[in-house]
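Per-entry structural report
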Amino acid sequence: MGRHVMSPHKFSRQVTATPPASLFEGLPEASRQRIATASKSSTLSVGQRLWATRTAAKDFTVVVSGYVKLTRLDPQGRETTLNIVSPGHFISPLESYRGHPYRCSAAAIGETQILSINREVLLDTIRNHPGVALSFMDLVLKGEETLWERIHELSSLRVAGRVTRLLLRLAETIGRSTASGAVLVPVRLTRGELAGLCSTTPETVCRQLARAPLSTLVSTHSEGFTLHDLEALRDIADGIMGFD
């Protein structure tokens, strides 16, 4: 993993290109430069691990480009994918804030660039700048909201609804519109990773994607997924067209 100390100019360009940029709005230039000199940019190769479960959290980490998957092993030793972290989002910010061990492993999906911000420097900035503290709290609360949405999906939706909600969430966060009006989700996930995110088995994921109507609404390919009709997918996710 190549690591490079950030120049203030490069740090400014990277954080203003990602959602956590709101954290640093209004900060005096001296404070921004202090954070920049305490930050390092790293490039991860395909599958490269950032940390393992129970590793002590040292820095705040933001995905700049690419994607990071968070995983845990179940009691039988099988890996379960818990979440996909997209560009502009912190990876496990609560553990970083509290200095607790990470509750899951983190690894790159494809070539990925991350930005690591020294924990003590960012905590000091949060303590001394109310605007930064409020923005950080907003980011954490949004993560909490997403967690409860996930709990609702896994506890109340049938498998087709869970698969569809996942694809829609990816479309909303990282999707790109195509000339045909479809939405490209440019992240490659294995059937096992999809199954872990939907709390089901790889065989069930394959069966659902192969059956109508999902078979006509979702295409898988080397770049990721293409969603051809978001409204129809939302109907499935809401249970209007749910099936097993």
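Residue positions are given per chain, counted from 1 along the sequence in the order it is written. Restriction of local features to residues with pLDDT of at least 70 applies here, the model being predicted, together with a cutoff of 80 or more for giving and counting side-chain atom pairs; totals for whole chains, interfaces and linings are based on all residues. Values reported for side chains reflect all heavy atoms of the structure, with hydrogen atoms and water molecules removed beforehand.

1. Digging into the overall build of the protein chain
Going along the chain from the N terminus, every DSSP run of H or I of four or more residues is numbered as a helix, and every run of E of two or more is numbered as a strand. When helices and strands are tallied, the protein chain shows 10 helices and 10 strands. By the burial criterion, 47% of the 244 residues in the protein chain qualify as buried. Surface exposure of the protein chain reaches about 12,300 Å², of which carbon and sulfur atoms provide 52%. Think of it in three bands: with a 1.4 Å probe and only protein chains considered, a residue is buried below 20% of the maximum accessible area for its type, exposed above 50%, and partly exposed in between. Using the Shrake-Rupley algorithm and a 1.4 Å probe, accessible areas are obtained, with residue cover drawn only from the displayed protein chains.

2. Structural notes on the environment of Thr 146
As for its position among the elements, Thr 146 is in helix H5 (residues 130–156). Sequence spacing of Thr 146 and Arg 169 is 23 residues, and the spatial spacing of their C-alpha atoms is 10.0 Å.

3. Quick notes on a nonpolar patch on the surface
Patches here: salt-bridge-free residues with over 30% relative accessible area, like charges joined within 9 Å, nonpolar side chains (Val, Leu, Ile, Met, Phe, Trp, Tyr) joined within 5 Å. When a carboxyl oxygen of Asp or Glu is within 4 Å of a side-chain nitrogen of Lys or Arg, the pair counts as a salt bridge. There is a patch of nonpolar side chains on the surface, built from Leu 134, Met 137 and Leu 141 and spanning about 310 Å² of accessible area. For Met 137, the location among the structural elements is in helix H5.

4. Observations concerning the sheet that holds strand E8 (residues 183–185)
Reading across the sheet, the four strands line up as E7-E8-E10-E9 and stay open at both edges, with antiparallel pairing between neighbours. The open sheet terminates on both sides in strands that have one partner only, identified here as strand E7 (176–177) and strand E9 (218–221). With three bridges joining them, E8 and strand E10 (residues 224–227) adopt antiparallel strand pairing. Bridging across to E10, Val 185 finds its partner in Phe 225. Here, a strand pair is defined by DSSP locating no fewer than two bridges between the strands.

5. Let's talk about the pattern of salt bridges
One side chain can pair with another of opposite charge once the charged atoms of both are near each other. All told, the structure shown has seven salt bridges when counted by the stated rule. Note that Asp 124 and Arg 34 form a salt bridge whose closest N and O atoms lie 2.7 Å from each other. Of this pair, Asp 124 sits in helix H4 (residues 119–128) while Arg 34 sits in helix H2 (residues 29–37), and the two are 90 residues apart along the sequence. Overall, the relative accessible area of 40% leaves Arg 34 in the partly exposed class. For Glu 120, the salt bridge identified is with Arg 119, shortest N-O distance 2.8 Å. The network of salt bridges with common partners includes Lys 69, Glu 79 and Glu 193.

6. Comments concerning the packing of aromatic side chains
Centres within 6.5 Å make a pair out of two Phe, Tyr or Trp rings, where for Trp the six-membered ring is used; the pair is then stacked when the planes are under 30 degrees apart, edge-to-face when over 60, and tilted otherwise. Tallying each qualifying case throughout the model produces five aromatic pairs. With a centroid separation of 6.4 Å and 75 degrees between ring planes, the pair formed by Phe 90 and Phe 136 is classed as edge-to-face. Placement of the pair is Phe 90 in the loop between strand E5 (79–85) and helix H3 (93–98) and Phe 136 in helix H5, with a sequence separation of 46 residues. Phe 136 shares its class with Phe 90; the two are buried. By the ring-pair criterion, three or more aromatic residues cluster together here, those being Phe 60, Phe 90, Tyr 97 and Phe 136.

7. A few points about the environment of Ala 182
Position of Ala 182 among the secondary structure elements: in the loop between E7 and E8. Note on Ala 182: relative accessible area 3%, which makes it buried. Sequence separation of Ala 182 and Thr 226 is 44 residues, and the distance between their C-alpha atoms is 6.7 Å. Ignoring any residue separated from it by four or fewer positions in sequence, one finds Ala 182 in contact with Arg 176, Ser 177, Thr 226, Leu 227 and His 228. Contacts were defined at the residue level, with two residues in contact if any of their heavy atoms lie within 4.5 Å.

8. Observations regarding unusual backbone geometry
Cis geometry marks the peptide bond from Ala 212 to Pro 213, where omega comes out at 5 degrees. Turning to its location among the elements, Pro 213 is positioned in the loop between helix H8 (202–210) and helix H9 (214–217). Unusually for a residue other than glycine, Ser 92 sits at a positive phi of about 50 degrees. If you trace the backbone, Ser 92 turns up in the loop between E5 and H3. One non-glycine residue with positive phi stands out, namely Ser 199, at about 55 degrees. Its location among the elements puts Ser 199 in the loop between helix H7 (191–198) and H8.

9. Overview of the pairing of E5
Direction of pairing for strand E4 (residues 59–73) relative to E5: antiparallel, over a ladder of six bridges. Counted as the bridge partner of Val 68 is Val 85 from E5. Between the antiparallel neighbours E4 and E5 lie five residues, among them Gly 77 with a positive phi of about 85 degrees.

10. Some remarks on the confidence of the model for the protein chain
Known as pLDDT, the predictor's per-residue confidence is scaled from 0 to 100. When pLDDT is averaged along the protein chain, the result is 84; 89% of the residues meet or exceed 70. The secondary-structure element of the protein chain with the lowest mean pLDDT is helix H1 (residues 8–15), recorded at 54, while strand E3 (residues 49–51) shows the highest, at 95.

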